[in-house]
Every structure is written in C-alpha cells, then in structure tokens.
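If you want the building blocks of each chain, they are given just below.
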Amino acid sequence: MGNAILPNNTARHGRKTRLAGRLLAATAGAIGLFATLPALAETLVVKNFTLIDGRGGAATPNSAMVVEDGRIVWVGPSAQAPVDAAAIDLTGKFVIPGLIDTHIHMGNVHDLTQDERFYTTENVEADLRTYASYGFTTVAVMGTDKDSVFAVRNAERAGRPTMTRLFTAGQGIVFRGGYGGVPGINRPVANAREAAIEVDAQAAKGADYIKFWLDDELATMPKMPPEISQAVIDAAHRNGLKVFAHIFYLEDAKRLAAQGVDGFVHSVRDKPVDKELTDAMKEKGIVQVAATLSREAAMFAYGKPAPQLDDPFFKQSLSPEALRLLASPERQKSVASAPAFPRLPGFFDTAMANLKREAAAGVHYGVGTDSGPPGRVAGYSGHWEMELMVKDGFTPGQAIQAATGYGAEILGAKDLGTIERAKWADFVVLDADPLKDIRNTRKINSVYIAGRKVRSVAQ
Ligand SMILES: [Zn+2]
C-alpha cells in the first residue's frame, strides 16, 4: 500500500511532511478514524510490544500505537495497525503509561541542603528532567513552589513538554509557628481570615489544588486549629479547587473528613485506620492521594549504610556530594541519634498497614512519595514506593494502576494516565515484564512525553 513510501524517519525524528499527512488522512479516511486529522502531522508508530494500559486489566501482547502530534490516535493489535510504515519495532518490550507521582517537592534542594534560594526555574527544570528520566512523566508538587512555577507549568500546557508535566498547589497553607512548608516560600497564617485570603491568592495565580499542613511534629509544634482547616477547605471549594492535607494522626484525619477535605497526602501513622475513617472516605470520595511509604522508609534508611547507596539506579540522579554525605558514618550517626529515630520504623509499619486497610475498604489511592527534600530521591522514590506496595500485598498490576490511571484521576488529568485513544502519548518502554516483578519498572528502555522521546540521565 501507499504507506510503504512514508518517509522512513518521519516517526523517529518527528519531521512534519505534507506527504505523511496526506497518506495518513487517506488511510484514516478509509477506516473512519482520522476524519479531523490536520494535513500536517507528526506521526509516531510503535508496535509489537506488550501493553499494560493503566486501567488495571490484563496485559495485551502484540500491541501497536499510532501517535499524531503527541496524542494517541489509535491503539490495538499490531496486525491491525492503520499505519505501519516507519513503525518502531518494540518486540520483547513492555509499554506502561507515563508514571505519576502524586506528592513531590522540587527546586529547593542542592546536594542535601534545602533552602528557598535554590528555587530557580533552572533547578525546577533539572528536577523535572530527572523525574522524566525515571519514567515519572507527571508530578504533583505539594505546596512548596515559588510563583515562577506557573510560567513553567503554563508553557508545558500550551504545547508538548519535553520534561515531566507538573501540577502545583503554589504555596501550601501553614499555621503560623506550626509544621510544614519551606521558610521563605510559604506565608504562615494565624487565623481563619488570613487562611481564606491565602487560599484565594493561590487560586488567583492558577493553583491546580490547595495543600495544607495539619501536624504538630510529634507534639513539638502547635497544630493548625480546626477553624483554620475549615476555612482552608471552604475557601478551596469556593474557588472550585480540591484541597489535600498533610496529616499524621487518625483523629485529625477524621475531623478533616468531616470538614470536607478531598484527600490525604500521607498515611495516618499514629494508629490503625478504622472503619469510621474508611467509611467516611468511601462515602465522600476522599482519596489517599499519597501513602508516602518510601518517605517513611527513607526517614530511617540512612541511619546506617543503606543498600541503595550502591545501586546505579539510585545513584544516577544524585550529586557526588549528596552520595558522599549519605554514605558518611558521621551523618548516619547523626540521623540515628535523632530523638524520634526509634519510633520511625513503627510509623512506616503503620503506614503500610493503613494503605492496605484503605484499599481493602475500597478507598482510592495514588502513588506519591514526598520526594524532593534531602535524601528523598527524585524518581527513584516512585519505583521504591511501588516495590513497597507489592511487599504490602498489592499486585504489581495494582501498583502500576495506582501510579498511572488512578494518579491521573486524583489530579483530574483526563488526558493522562492511561494508554487510550485521544490521551497524550506519555509512556515508558520497559525491557522486562513489570507484572512479573515490580522491580522491572526500573528496566527503562525509553521514556516518551507527548509522543517524543525524552532524554535520560543515563544517556
Ligand atoms: Zn510533602
């Protein structure tokens, strides 16, 4: 057929050619798929891979996908692909949707030091490229961005980003004198009126959702009072935004559920969640945005020589100085001598048990890591999070669905998260089957965002 004369490198190099557009339109017209296709289109065809589409069903061998101008226009069996010329042959490979980390921080860390002065567009974009190199093609930042984030995000949404897509809360809401945020970025609030003003300010800038912290850092700091959390929730909803909370205690989670919160960005870590909370979450559609299991594990992992310090997949995104510090016996000793250190493994165990309980009760959950702060490694953490979920009793398929389809649902990102027609072609090509071993999500062959291969730090 005419497809055979499609220029060979159209797909790989994304060149727009009139010929390609005409051929596609002709082919498409014949099968009624591409009626509205523009005459000039950039085409990518990949075939012969096993598809794990992010919707939780069985994997589909011998799959193919046709991408036009960054969006999926066709997905199905390779033998039925409407366009075959210049297809990239992915025989033996596995394709999953681009992964979504629903709880990160970015831009504020250099080596192992966090400081708002590091927050530049350059540092933000470096972090977004790191996430992309690990297959995390979408991240949700939880309340520690400077206003410059909106220009980065808006530019991404205006076209086809070449780095990880970001969702942002702008500056999250912190109680004055209380826990949370980054000094110099977040403006703490003292009362309900100030809280509402601060929420309105984030909404006016274009925040994707509102984030607030409600915690007393193990009874060492004052906790945001209920009238302020209510004001934050009400103001978010008045602005048409979802509102997600940092919590630690079961009782706080219950009160916030009653106050109308939309999701929690950490697990309850002081006690087992009970039926009262899971019932409330189910009834009101409150989601476990992030369980941050890898965060709880990272809190005590570096109190001794951690095995991942020798793992190239871990090391590839860290500076030599950060690695040196994590491996230094002095730092390990200082981590292990923190007053709360002996309690940290217990918080991790409680988080693991609670995610399991919530899932069993039918609560929805994403994969979120709280990565970004010192020692909580961008990109790597998400793969660790999925591994911990499987150790927790989830199937690899459930962990992948949480990190893709569910993550997109939580963010209200209708054109992300699954490999389906009309969605953005954000996907990860793996060299081994992640449904057999969740650690195979680390065997990354290539990463695509909006139909274009993005650079990997390993390259
Ligand atoms: Zn966080």
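Here the residue index of a chain counts from 1 through its sequence in written order. Local features in a predicted model are, by the rule used here, given only for residues with pLDDT of at least 70; side-chain atom pairs are given and counted only at 80 or more, and totals for whole chains, interfaces and linings are based on all residues. To obtain the side-chain values, all non-hydrogen atoms of the structure were included, while hydrogens and water were left out.

Caption draft 1: Layout of the coordination of the zinc ion. Note: metal donors comprise N, O and S atoms at 2.8 Å or less from the metal (3.2 Å for Na, K and Ca); water molecules are not included, so apparent gaps in a site are possible. Only His103 (NE2), His105 (NE2) and Asp370 (OD) from the protein coordinate the zinc ion, and they sit 2.0 to 2.2 Å from it. In the primary structure, the donors to the zinc ion are separated according to the pattern H-x1-H-x264-D. Placement of the pair is His105 in the loop between strand S6 (99-104) and strand S7 (109-110) and Asp370 in the loop between helix H13 (344-361) and helix H14 (380-391), with a sequence separation of 265 residues. There is no split in this pair, since His105 and Asp370 are both buried. Elements are defined by DSSP. Helices are runs of H or I of four residues or more, strands are runs of E of two residues or more, and each kind is numbered from the N terminus. Working definition: with a 1.4 Å probe on protein chains only, accessible area under 20% of the residue-type maximum means buried, over 50% means exposed, and in between means partly exposed.

Caption draft 2: Layout of the packing of aromatic side chains. Aromatic pairing here means that ring centres of Phe, Tyr or Trp (its six-membered ring) are within 6.5 Å. Orientation follows from the plane angle: under 30 degrees is stacked, over 60 is edge-to-face, and everything else is tilted. With the rule as written, the count across this model stands at twelve aromatic pairs. For the ring pair Tyr209 and Phe244, a centre distance of 5.4 Å and an interplane angle of 45 degrees mean the geometry is tilted. Here Tyr209, found in the loop between helix H5 (192-205) and strand S11 (210-213), pairs with Phe244, found in strand S12 (residues 243-246); they are 35 residues apart in sequence, far enough to count as distant. Its relative accessible area of 1% is what places Phe244 among the buried residues. Consider the rings of Tyr302 and Phe314, whose centres lie 6.4 Å apart with planes at 35 degrees: the pair is tilted. A residue pair is termed long-range when its members are at least 10 positions apart, and Tyr302 in the loop between helix H9 (293-301) and helix H10 (312-315) and Phe314 in helix H10 qualify at twelve residues. A relative accessible area of 4% places Tyr302 in the buried class. For Phe314, a relative accessible area of 0% gives the class buried. One aromatic cluster is present, formed by Tyr134, Tyr302, Phe313, Phe314, Tyr380 and Trp384 through successive ring pairs.

Caption draft 3: Focus on the side chain of Arg165. Positionally, Arg165 belongs in strand S10 (residues 165-168). Any N or O atom pair separated by 3.5 Å or less is treated as a polar contact, with the protein-specific requirement of one donor-capable and one acceptor-capable atom, and with residues adjacent in sequence counted only for side-chain atom pairs. Within the structure, the side chain of Arg165 is placed 2.6 Å from the side chain of Asp426, a separation counted as a polar contact. Only heavy atoms enter the contact rule, under which two residues are in contact if any of them lie within 4.5 Å. When sequence neighbours within four positions are dropped, the list of residues in contact with Arg165 reads Thr137, Thr138, Val139, Glu156, Leu416, Trp424, Asp426, Ile449 and Ala450.

Caption draft 4: Structural detail: the domain arrangement of the protein chain. Domain borders in the structure are assigned automatically or taken from a domain database. When the domains of the protein chain are assigned, the result is domain 1 (2-97 + 420-453) and domain 2 (99-411). For domain 1 and domain 2, the distance between their C-alpha centroids amounts to 33 Å. If you look at the interface, domain 1 gives 25 residues, while domain 2 gives 28 residues. Buried area is a sum: the accessible area each of two parts loses on coming together, probed at 1.4 Å, counted once for each and added. The largest share of the area that domain 1 buries against domain 2 comes from Ile438, Arg442 and Ile449, three residues that together contribute 33% of it. By convention in these notes, a salt bridge is any Lys or Arg side-chain nitrogen within 4 Å of a carboxyl oxygen on Asp or Glu. Put simply, domain 1 and domain 2 have four salt bridges between them. Residue Glu387 is joined to Arg439 by a salt bridge in which the shortest nitrogen-to-oxygen separation is 3.0 Å. Taken together, the links from domain 1 to domain 2 amount to eight residue pairs in polar contact (both at pLDDT 80 or more). For the side of domain 1 that touches domain 2, the secondary-structure elements that each account for two or more residues are strand S5 (94-97) and strand S16 (444-449). Looking at the side of domain 1 that touches domain 2, the element that brings in the most residues is S16, giving four residues.

Caption draft 5: Up close: the sheet that holds strand S9 (residues 136-141). At least two bridges found by DSSP between two strands is the condition for calling them paired. If you walk across this open sheet you meet the three strands as S6-S9-S10, and the pairing is parallel. Pairing within the sheet leaves two strands with one partner each, and these edge strands are S6 and S10. Across the sheet, the mean angle separating the axes of adjacent strands is 20 degrees when strand polarity is ignored. Bridging between S9 and S10 involves four bridges; their strand directions are parallel. In the sheet register, Val139 faces S10, and the bridge partner there is Leu166. Across the sheet, helix H15 (residues 396-411) lies against S6, S9 and S10, angled at about 50 degrees from S6, the strand it touches most. Under this scheme, a helix contributes an axis fitted over its contacting stretch, all axes are lines through C-alpha atoms, and angles between N-to-C directions fall in the 0 to 180 degree range.

Caption draft 6: Local environment of the nonpolar core. By nonpolar core we mean a set of buried residues, namely Ala, Val, Leu, Ile, Met, Phe, Trp, Tyr and Cys, connected to one another through side-chain atoms within 4.5 Å. Membership of the largest hydrophobic core comes to 79 residues, with the highest contact counts inside it found for Met106, Leu293, Phe314 and Met389. Among the elements that line this core, the one with the most residues is H15, at eight residues. Of the residues that make up this core, three or more belong to each of domain 1 (2-97 + 420-453) and domain 2 (99-411). Every residue in contact with Met106, bar those within four places of it in the chain, is listed here: Tyr119, Val124, Asp127, Leu128, Val141, Asp145, Val149 and Leu166. Within the second largest apolar cluster, 33 residues are counted, among which are Ile210, Ile228, Ala236 and Val243.

Caption draft 7: How the structure looks around the environment of Ala126. Its location among the elements puts Ala126 in helix H3 (residues 121-133). Exposure remark for Ala126: the relative accessible area of 34% places this residue in the partly exposed category.

Caption draft 8: Region of the structure containing the pairing of strand S1 (residues 43-51). Along S1, eight of the nine residues are buried, which leaves the element largely enclosed by surrounding structure. Summarising the sheet, S1 and strand S4 (residues 88-89) pair through two bridges and their orientation is parallel. Note on S4: the bridge partner recorded for Val46 is Ile88.

Caption draft 9: View of the sheet that holds S12. Spatially, the four strands line up as an open sheet ordered S11-S12-S13-S14, and their pairing is parallel. With one partner strand each, in any of the chains shown, S11 and strand S14 (287-288) form the two edges of the open sheet. Alignment of S12 against strand S13 (residues 263-264), held across two bridges, turns out to be parallel. Looking at S13, one finds that Ala245 is bridged to Phe264.

Caption draft 10: Quick peek at helix H11 (residues 320-327). For H11, the set of buried residues is Ala322, Leu323 and Leu326. Take H11 and look down its axis: the buried residues cluster within an arc of 100 degrees, on one side only. Buried positions along H11 lie against H10 and helix H12 (329-336). Along the arc lie the directions from the helix axis toward the C-beta atoms.

Caption draft 11: Quick peek at the packing of helix H7 (residues 250-259) against helix H8 (residues 275-284). H8 packs onto H7 with a crossing angle of 30 degrees between their chain directions and a minimal axis gap of 10 Å. Considered as vectors, H7 and H8 are oriented roughly parallel to each other. Here H7 runs over H8; the crossing is left-handed. Of H8, the residues touching H7 (which contributes Leu250, Ala253, Lys254, Ala257 and Ala258) are Glu276, Leu277, Ala280 and Lys284. Nonpolar residues are Ala, Val, Leu, Ile, Met, Phe, Trp, Tyr, Cys and Pro. Charged residues are Asp, Glu, Lys and Arg, and all others, Gly as well, are polar. Across the contact of H7 with H8, the residue classes break down as six nonpolar, no polar and three charged. Small angles under 35 degrees read as roughly parallel and large ones over 145 as roughly antiparallel, with 65 to 115 read as roughly perpendicular and the rest as oblique. Crossing handedness: left-handed means the near helix sits turned counterclockwise from the far one by under a right angle, and right-handed means the same turn made clockwise.

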